[in-house]
Structures are given as structure tokens and as C-alpha cells.
Amino acid sequence: MTTTKNQTILVTAGTGKVGRRVAEQLAAKGFPVRIGSRSAERPFDWADRSTWAPVLDGVRAVFVMYTPDIGDPLAAETIRAFSELAVANGVTRLVLLSARGEDQAAAAEAAVRDSGAEWTVLQAAWFNQNFDEGVFTEMVLAGGVAFPAGQVLEPFVDSADLAAVAVLALTEDGHAGQNYELTGPRLLTFGDAVAAIAEETGRDVHYIPVSGAEFGAVLAAEFGMPAEEVAGMIDIFATLLDGRNANVTDTVRRLLGREPIDFADYVHDAVAAGAWQ
């Protein structure tokens, strides 16, 4: 059943790269939106289950984005409990943002499929916005993006495209029971991506391929990530960066009726908006 414009939609991780865009696009279409974040008027925290019921009150549909990562060992159990509570509180539609090719995400996806709600799973490639709003931002500014991707090809996808597909699934019929693999329009190596940023900005910045262990040391030393989380992230990267995702899909074009945003256009627009200054 289509979500009507008097029914509130909850957007978890609603201040992040994707969630913020989902919320903005929903609001632009006239849907009442509730932001799920620790700083919201009704705080929401995946790690604090006492915050779940208040944000679900009166909600019809939910955009589900688990942080820190859908492949985290706690993700499946947490999402299952949240989905059950959501359905018990009257939610009829769940749209989960998952990761394309991430074996560790399978259990979390199953939790949403088993919830009893209408469900849609969005399996996304690496976000363009990781370079200006995420883990790579400070590396770009420092002149070297060190990452254990080797020369693997990746179909980087734009967060605005992800958000647009999520809005369709949250508000329109025809998307229930669908797994959507979402990619950008072409394949690039991480080196290609960094080179595009260097050319557009004029910055002296390079891609530095490193081992998983070397990148883990960076996560621990510079980001203060606990050893258990570091090990989990290294395992996830080893899975995602083995070449399994080195192909593009036509899903964004088919659903939105336009070509997905290209990485070069993303970089151009990001620079125009003041990124990497």
C-alpha cells in the first residue's frame, strides 16, 4: 500500500550521507519525516533500545540504516529486534540500506525480510561521498588515500541516487519484496577516483594501496577504533574488495528514468560546493 502524506516516515541515521538526503527528498515531496539520530528531538540510538519505541510512535514506514556497518556482528540481532518492534508498533514498510556483495550483511537482510512488513533491500556499492563526507576526507586533504583495494574495479554510486531509490521504495507501490543492486554508471579503481579528485581540485593527492593489516593499524591509531571492530572491518574489506562487485547494474536508470550520477560529475559538484578546501 502506498504511503500517504499524512503518515510519518522514520529515517534512521538521518543526519548521515544517505539518510540526510533521504529525509530532504521526502520532505521536498511533502511527507512528514522523523529523523532518527542521537541528537534528534526524540533521540534514537541503535545501541540504546529504550530509544526505539518513542521514535516509532505513529510511524508507517522506516528507512533502516545500521551504523557503524551492516556487516557488524551485532547488526543482525539488533535489526531483527528493531524490525519486530516496528511491526508491533504499526510500521508496515521497511527499506534497508545494505552493502552490495557483503556476505556479512546476509543475516541482517534476512531479519528485515522475516519481519512481517513489506520490505525492500537496497544493496549499494561504495558511496561517492566517502571521499568528501566520510572516511577518505581527511586522507584526501592530507595528500594520500591509503586503502586496501589494490587495483580492483568499483562502480561507485552517488548518495543522492541511493536516496532517490529509497524514497520510491518508502512511498510508492511496486517495490515490496525487491532486492535492488545499486551502482554508478561505470567502473573505476580507487586510484582512478583519487586521480579525478586531484585533477578537479588541483591538489597533490595520490592513492596508496596498502594491506588490510596496514589499514587496520590506521583505523586503530588515527580513529581510535577498538581492536575487535578493526578486525571486523578488515574482514569486510577483504570480502568486498575481491573483485566480486566489478560490474554495473541498470537499476538506478530503470527505477529513476535517468542515468546514475557519474563520479566525475560528483567531484565537479563537490568542488563547487566547497569540498576539500
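## Notes on the environment of Tyr180
In this structure, Tyr180 sits in strand E8 (residues 178-182). For Tyr180 and Ala124, which are 56 residues apart along the polypeptide, the C-alpha to C-alpha distance reads 8.2 Å. For Tyr180, the residues in contact, after removing those within four places along its chain, are Thr120, Val121, Leu122, Gln123, Val165, Gly174, His175, Thr251 and Leu255. Polar contacts involving the side chain of Tyr180 include one to the side chain of His175, which spans 2.8 Å.

## Digging into the nonpolar core
Core analysis: the biggest nonpolar cluster contains 32 residues, and Trp126, Phe131, Phe147, Phe190, Leu241, Phe263 and Trp276 have the highest contact counts within it. Residue contacts for Phe131: discarding those within four places in its chain leaves Phe136, Thr137, Val140, Phe156, Phe190, Ala193, Val194, Ile197, Phe263, Tyr266 and Trp276. In this structure, Ile9, Ala23, Leu122 and Ala169 belong to the second largest nonpolar core, which totals 30 residues.

## Quick notes on the packing of helix H3 (residues 75-88) against helix H4 (residues 106-113)
Relative orientation of the contacting elements H3 and H4 amounts to 10 degrees, with a least axis distance of 8 Å. Taken together, the axes of H3 and H4 lie roughly parallel to each other. Judged by residue contacts, Ala75, Ala76, Ile79, Arg80 and Ser83 of H3 engage Ala107, Ala108, Ala110, Ala111 and Val112 from H4.

## Concerning the sheet that holds strand E3 (residues 59-64)
Strand order across the open sheet formed by six strands is E2-E1-E3-E4-E5-E8, with parallel pairing between neighbours. Only two strands of the sheet have a single partner each, and these edge strands are strand E2 (33-36) and E8. Mean inter-strand twist for the sheet, computed between neighbouring axes without regard to direction, equals 15 degrees. Alignment of E3 against strand E4 (residues 93-99), held across four bridges, turns out to be parallel.

## Description of the packing of helix H1 (residues 19-28) against helix H6 (residues 159-171)
At their nearest, the axes of H1 and H6 sit 8 Å apart, and the two run at 55 degrees to each other. The angle between H1 and H6 places the two elements in the oblique class. The two elements H1 and H6 cross, and the hand of that crossing is right-handed. Counted together, Arg21, Val22, Gln25 and Leu26 of H1 and Ser159, Ala160, Ala163, Ala164, Ala166, Val167, Leu170 and Thr171 of H6 form the full contact between these two elements. Looking at side-chain class alone, the contact of H1 with H6 contains eight nonpolar, three polar and one charged residues.

## Quick notes on the pairing of strand E6 (residues 144-147)
Burial along E6 is two-sided: the residues Gly144 and Ala146 and Val145 and Phe147 are all buried. Of the strand pairs in this sheet, E6 and strand E10 (residues 206-209) are connected by four bridges, and their pairing is parallel. From the neighbouring strand, Phe147 faces E10, where its bridge partner is Pro209.

## Concerning the packing of aromatic side chains
In this description, a pair of aromatic rings is defined by centroid distance and the angle of the planes. Scanning the entire structure with this criterion turns up 25 aromatic pairs. Pairwise contacts between aromatic rings join Trp126, Phe131, Phe136, Phe147, Phe156, Phe190, Tyr207, Phe215, Phe237, Phe263, Tyr266 and Trp276 into one cluster. Here Arg113 stacks its cationic end above the ring of Trp119, 5.2 Å away from the centre of that ring.

## Details of the pattern of salt bridges
Pairs can form between side chains of opposite charge once their charged atoms are near each other. The tally for this structure, following the rule as stated, stands at 16 salt bridges. Glu133 serves as the salt-bridge partner of Arg20, at 3.5 Å between the closest nitrogen and oxygen. In this pair, Arg20 is assigned in helix H1 and Glu133 in the loop between strand E5 (118-124) and helix H5 (137-142), connecting sequence segments 113 residues apart. Asp173 serves as the salt-bridge partner of Arg93, at 3.6 Å between the closest nitrogen and oxygen. One end of the pair, Arg93, is in strand E4; the other, Asp173, is in the loop between H6 and E8, with 80 residues separating them in the sequence.

## Regarding helix H11 (residues 263-272)
For H11, every residue scored as buried is listed here: Phe263, Tyr266, Val267 and Ala270. Buried residues of H11, viewed axially, fall in a sector of 95 degrees; they line one side. In this fold, the buried residues of H11 make contact with strand E9 (188-189) and helix H7 (190-201). In the segment just after H11, Gly274 is the residue with positive phi, at about 100 degrees.

## Notes on H7
Relative to the 16 Å expected for 12 residues at 1.5 Å per residue, H7 spans 17 Å between its end C-alpha atoms, a close match to the ideal helical length. For H7, the full list of buried residues reads Phe190, Ala193, Val194, Ile197 and Ala198. Mapping the buried residues of H7 onto a view down its axis gives an arc of 140 degrees, with all of them on the same face. Residues of H7 that are buried sit in contact with H5, E6, strand E7 (153-154), E9, E10 and H11.

## Details of the pairing of E5
A regular strand places its side chains so that they alternate between the two faces of the sheet. By the criterion of burial, E5 is predominantly enclosed, with six of the seven residues buried. With seven bridges connecting them, E4 and E5 associate as parallel partners. Residue pairing in the sheet places Leu97 in a bridge with Leu122 of E5. For the segment spanning E4, H4 and E5, crossover handedness is right-handed.

Cut-offs and rules
Residues numbered from 1 in each chain as written. Predicted model: local features only at pLDDT ≥ 70, side-chain atom pairs only at ≥ 80, totals over all residues. Heavy atoms only, no water. Helix = DSSP H or I, 4+ residues; strand = E, 2+ residues; numbered from the N terminus. Contact = heavy atoms within 4.5 Å. Polar contact = N/O pair within 3.5 Å; in protein donor to acceptor, adjacent residues only side chain to side chain. Core = buried A, V, L, I, M, F, W, Y, C linked by side-chain atoms within 4.5 Å. Buried < 20%, exposed > 50% of the residue type's maximum accessible area, 1.4 Å probe, protein only. Axes fitted to C-alpha atoms, helices over the stretch in contact; angles between N-to-C directions. Parallel < 35°, antiparallel > 145°, perpendicular 65-115°, else oblique. Pairing = 2+ DSSP bridges. Left-handed = near helix turned anticlockwise from the far one by under 90°. Nonpolar A, V, L, I, M, F, W, Y, C, P; charged D, E, K, R; others polar. Phe/Tyr/Trp six-rings, centres within 6.5 Å; stacked < 30°, edge-to-face > 60°. Lys NZ or Arg CZ within 6 Å of the ring centre and 35° of its normal. Salt bridge = Lys/Arg side-chain N within 4 Å of Asp/Glu carboxyl O. Arc of directions from axis to C-beta. Expected span 1.5 Å × (residues − 1). Right-handed = clockwise from strand over helix to strand, strands pointing away.

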